[in-house]
Amino acid sequence: MAKREYAFYPGCSSQLRGSAANYLVSVESMCEKLDVKMTQIPDWNCCGASISYAGSSELARHVLSARNFALSDKHLPGQDIVATCAACWLGGRETIEKLDASSQLLADTNEALKEAGLEYKPGTEIRHMVEVLVEDLGYEELGKPVVKPLEGVKVAGYVGCQTNRPFGIAGESFENPMYLDKLIDTVGGESIAKYEEKVTCCGGSLAFCEPEKAEKQIKTIVESAYDHGADVICTPCPLCQANVEVYQSEINRKQGTKLNMPVVYYSQLLSVAYGGTLKEAGLDGHIIQPKKLQEIAVKVVPTKR
Amino acid sequence: MGDLNQQMLDKYSNNFLREVEEKVDDGDWVKMCMQCGVCAGSCTFGPDWEHTPQKIFMMIRAGKREAVLNSHSMWLCTSCYNCMVRCPRKLPITHIMHGLASYAHRLGLAPKDQPTRDFSLIFWENSTKTGRVNELRMTISVYFREGFVSGIKKMWTLRNIGRGLFFAKRLNPMELFVSHGCKDKDGLRRALKKADEIEARRRGYAVQPRGYSS
């Protein structure tokens with residue numbers, strides 16, 4: 001019997017064949033070990049992300065989030081919604097905040113949703129997976145299932161933007177949030193307290209349309225990790241992960257650098273530490289191989305202490 | 001589109017601030033800016049902005065309508081929200097920048113070939129077609145937006161990334177043929193169409209043709 005149950009909103013990039021497919025895999029194996037049951041919201045839709053503002057209206061974007069909320073309420077009543085993607089979570093939080101503040105926007109949203117036979121009732125909570133980990137379970141509990149501490153792995157905790165601003169994780173500062181470092185330490189890794197680029201923007205979706213500008217950001221983020229002797233960068237955001245890993249080869253090609261820094265999700269660290277295999281931890285889903293983590297993942301699980 | 005611009009010019013004549021307050025998402029916050037410049041100094045692509053948010057706010061008050069709406073600046077917003085959390089007056093700067101960009105596009109005044117605008121439109125069309133993003137089709141649309149030859153060149157340049165993602169099982173050519181999507185995509189598209197109608201009613205626009213009807 002699962003201890004905790006949540007309505008799960010995985011988001012587009014985490015789907016099978018998507019750019020963050022290995023994120024979903026690692027979240028599933030992590031949650032299994034933590035006795036957390038995540039049920040996908042049936043028929044969920046894209047949140048519109050932060051980039052759709054030219055093509056859409058504010059109301060249309062609220063309708064997107066509200067449809068997911070309404071579906072969750074209908075099929076999984078009483079469960080908090082958990083998003084793993086920073087943009088999905090942020091978009092949802094914004095919709096809740098705006099609709100709570102304006103009865104007209106709420107009425108307009110529901111007038112539109114009626115076309116899909118749905119109604120959004122205020123009172124929904126959407127939370128980031130990280131919030132579930134640090135708030136509902138807590139670091140102590142997260143340390144319990146560790147069977148393979150990530151000894152000797154130096155991890156640059158790269159929080160990025162949208163899991164951090166404008167809402168962030170309660171009790172954390174915007175300029176120097178600590179939860180990711182604490183997660184790293186909890187599973188036996190070595191966090192880097194002085195990693196300067198912790199909350200620097202990777203360029204977000206503009207990596208697509210303004211690649212040169214984003215590459216400048218990515219280079220800074222990766223080089224700082226090298227400066228601190230990191231073995232791997234770790235992030236809670238699928239877009240940060242993709243951008244920072246994928247464009248390193250482009251920076252190398254254009255600038256003659258030799259960047260080759262692996263970038264993983266917090267969920268992969270936890271999954272490996274909990275005894276997850278390469279596959280379960282999604283470590284077979286990288287262009288730049290996180291070798292140290294892979295070595296730990298293939299080690300035979302020692303008997304539980 | 002052009003007609004809407006003329007309509008707004010007639011309606012607001014010399015009062016661009018009032019136009020922004022009434023027509024732009026979160027535009028009613030603009031007058032709260034005290035010109036401290038923290039947003040300008042906090043902006044990710046700040047050095048690339050012709051006009052930083054601080055300047056844009058002043059230009060709005062100074063009635064520099066065309067210079068603001070024709071600007072590439074707002075389109076360089078990465079949605080990092082740094083300006084927003086640091087603003088001492090708590091202006092939702094990120095949303096105002098998106099709102100201004102969106103309004104400029106609606107009036108037909110956004111710069112031609114603005115890459116972020118084009119990407120934004122592609123993203124919206126892609127994600128609302130089935131209710132979920134198809135990353136492969138979206139990427140192809142973005143790379144080929146300036147034509148076939150330039151698209152092929154971009155794909156060739158980025159071939160190693162594509163190959164890497166393919167072997168990492170994070171990109172699959174099958175996505176060209178089978179797409180993830182909502183079962184009730186028709187309901188979703190009806191709701192979005194209705195949202196457009198409501199938006200037009202509230203703001204006094206004509207409904208934009210989008211092809212949601214399926």
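Residues numbered from 1 in each chain as written. Chains lettered and ligands numbered in written order. Predicted model: local features only at pLDDT ≥ 70, side-chain atom pairs only at ≥ 80, totals over all residues.

### Some points on the overall build of chain A
Here is the rule we go by: A run of H or I in DSSP counts as a helix once it spans at least four residues, and a run of E counts as a strand once it spans at least two, with each numbered from the N terminus. Computation of the radius of gyration draws on C-alpha atoms alone. For the globule rule, the value is 2.2 Å times the number of residues to the power 0.38. Exposure is read from a count of other C-beta atoms within 10 Å of each residue's own; the residue is exposed at 12 or fewer, buried at 20 or more and partly exposed in between. C-beta atoms are placed from the backbone. Distance between backbone-placed C-beta atoms decides contact: two residues are in contact if it is within 7 Å.
The helix and strand inventory of chain A stands at twelve helices and eight strands. Since a compact globule built from 305 residues should have a radius of gyration of about 19 Å, the 19 Å found for chain A is in line with a globular shape. Taking the principal axes of the C-alpha coordinates as reference, chain A spans close to 55 × 50 × 35 Å. Split into buried and exposed, the 305 residues of chain A put 62% on the buried side. The contacts in chain A between residues at least 6 apart in sequence include a share of 77% that link residues at least 24 apart.

### Thoughts on the overall build of chain B
Across its full length, chain B holds twelve helices and zero strands. Along chain B, from the amino end to the carboxyl end, the secondary structure elements read α-α-α-α-α-α-α-α-α-α-α-α. Based on the C-alpha atoms only, the size of chain B along its principal axes is roughly 55 × 40 × 30 Å. For chain B, buried positions account for 43% of its 214 residues. Restricting to contacts in chain B with at least 6 residues of sequence separation, those with at least 24 account for 58%.

### Points about the sheet that holds strand E8 (residues 263–265) of chain A
Residues and elements named next belong to chain A. In plain terms, the rule: Whether two strands pair depends on DSSP finding at least two bridges between them.
With parallel pairing, the four strands of this open sheet are ordered in space as E6-E5-E7-E8. Edge strands, defined here as strands with exactly one partner in the open sheet, are strand E6 (190–191) and E8. Of the pairings in the sheet, the one linking strand E5 (residues 154–157) to E6 comprises two bridges and is parallel in character. Directly across from Lys-154, in E6, lies its bridge partner Glu-190.

### Considering unusual backbone geometry
Cis geometry marks the peptide bond from Arg-165 of chain A to Pro-166 of chain A, where omega comes out at -5°. Look at Arg-17 of chain A: it is not a glycine, yet its phi comes out positive at around 75°. Locating Arg-17 of chain A in the fold gives a position in the loop between strand E1 (4–9) and helix H1 (21–33). The phi angle at Ser-79 of chain B is positive, at roughly 60°, despite the residue not being glycine. Along the polypeptide, Ser-79 of chain B turns up in the loop between helix H5 (65–69) and helix H6 (82–86). Residue Ser-79 of chain B is classed as buried on the basis of its C-beta count, with 24 C-beta atoms lying within 10 Å.

### Observations regarding the interface of chain A and chain B
Every contact between the two is made by 52 residues of chain A and, on the other side, 56 residues of chain B. Among the elements of the structure, H1, helix H2 (58–75), helix H4 (103–113), helix H7 (206–209) and helix H8 (211–227) of chain A are those that each provide at least two residues to the side of chain A that touches chain B. At five residues, H2 of chain A tops the list of elements feeding residues into the side of chain A that touches chain B.

### Side note on the sheet that holds strand E2 (residues 36–40) of chain A
All names here are of chain A. Note the threshold: Interaxial angles span 0 to 180 degrees and are taken between N-to-C directions of axes, which are lines fitted to C-alpha atoms, for helices over the stretch in contact.
Taken together, the four strands give an open sheet; going across it, the order is E2-E1-E3-E4, and neighbouring strands pair in parallel fashion. Strands at the two margins of the open sheet, each flanked by one partner only, are E2 and strand E4 (126–128). Strand after strand, the sheet turns through a mean of 40° between neighbouring axes, direction not considered. By the bridge criterion, three bridges tie E1 to strand E3 (residues 81–83) in an arrangement that is parallel. Within E3, the position partnered with Ala-7 by the bridge is Ile-81. Its contacts with the sheet put helix H3 (residues 86–101) on E1, E3 and E4, and the angle it makes with E4 is roughly 150°.

### As for the packing of helix H5 (residues 129–143) of chain A against helix H6 (residues 179–186) of chain A
Residue and element names in this part refer to chain A. Threshold: Handedness of a helix crossing follows the sense of rotation of the near helix relative to the far helix, less than a right angle counterclockwise being left-handed and clockwise being right-handed. The nonpolar class holds Ala, Val, Leu, Ile, Met, Phe, Trp, Tyr, Cys and Pro. Asp, Glu, Lys and Arg form the charged class, and all remaining residues, Gly among them, are polar.
Relative to each other, H5 and H6 sit at 35°, their axes nearing to 10 Å. With respect to the hand of their crossing, H5 and H6 are arranged in left-handed fashion. Of the residues in H6, those in contact with Val-130, Leu-133, Val-134, Tyr-139, Leu-142 and Gly-143 of H5 are Tyr-179, Lys-182, Leu-183 and Thr-186. Looking at the contact of H5 with H6 residue by residue, the class counts come to seven nonpolar, two polar and one charged.

### Looking at the domain arrangement of chain B
Selection rule: Residue ranges assigned to each domain were obtained from an automatic or database domain assignment.
Each assigned domain of chain B is listed with its residue range as follows: domain 1 (2–106) and domain 2 (115–176). Taking only C-alpha atoms, the centre of domain 1 of chain B and the centre of domain 2 of chain B are 30 Å apart.

### Section: the domain arrangement of chain A
Note: interface size is frequently given as the accessible area lost on complex formation between the parts. Residues and elements named next belong to chain A. Taken as a whole, chain A is organised into domain 1 (4–128) and domain 2 (141–298). Relative placement of domain 1 and domain 2: their C-alpha centres are 25 Å apart. Contacts between the two partners involve 23 residues from domain 1, matched on the other side by 24 residues from domain 2. Among the elements of the structure, H1 and H3 are those that each provide at least two residues to the side of domain 1 that touches domain 2. For the side of domain 1 that touches domain 2, the leading source of residues is H1, giving nine residues. Looking at the side of domain 1 that touches domain 2 residue by residue, the classes come out as 13 nonpolar, eight polar and two charged.

### So, the nonpolar core
To keep things clear, this is the line we draw: A set of buried Ala, Val, Leu, Ile, Met, Phe, Trp, Tyr and Cys residues, joined through C-beta atoms within 7 Å, is what we mean by a nonpolar core.
Counting 160 residues, the largest nonpolar core has Val-63, Cys-234 and Leu-269 of chain A as the members making the most contacts within it. Counting residues per element, this core draws most heavily on H2 of chain A, which supplies eight residues.

### Let's talk about helix H4 (residues 53–61) of chain B
All names here are of chain B. Taken as a whole, H4 has its buried residues at Pro-53, Gln-54, Lys-55, Ile-56, Phe-57 and Ile-60. On the buried face of H4, the contacting elements are helix H2 (16–23), helix H3 (38–42), H5, H6 and helix H7 (93–106). Immediately downstream of H4, the backbone of Gly-63 shows phi near 75°, a positive value.

### Side note on the environment of Lys-153 of chain B
Secondary-structure assignment places Lys-153 of chain B in helix H10 (residues 148–157). Note: C-alpha distance between Lys-153 of chain B and Arg-203 of chain B (50 residues apart in sequence) is 42 Å.

### A word on the environment of Gln-104 of chain A
Following the sequence through the fold, Gln-104 of chain A ends up in helix H4. Overall, Gln-104 of chain A belongs to the exposed group, with 10 C-beta atoms counted inside 10 Å.

### What to know about the pairing of E5 of chain A
Residues and elements named next belong to chain A. Cut-off, in case you're wondering: Note on handedness: a clockwise path from strand one over the helix to strand two, with the strands aimed away from the viewer, defines a right-handed crossover.
In terms of handedness, the path from E5 via H6 over to E6 forms a crossover that is right-handed. Sheet analysis places E5 next to strand E7 (residues 232–235), joined by three bridges and oriented parallel. Note that in E7 the partner of Gly-157 across the bridge is Cys-234.

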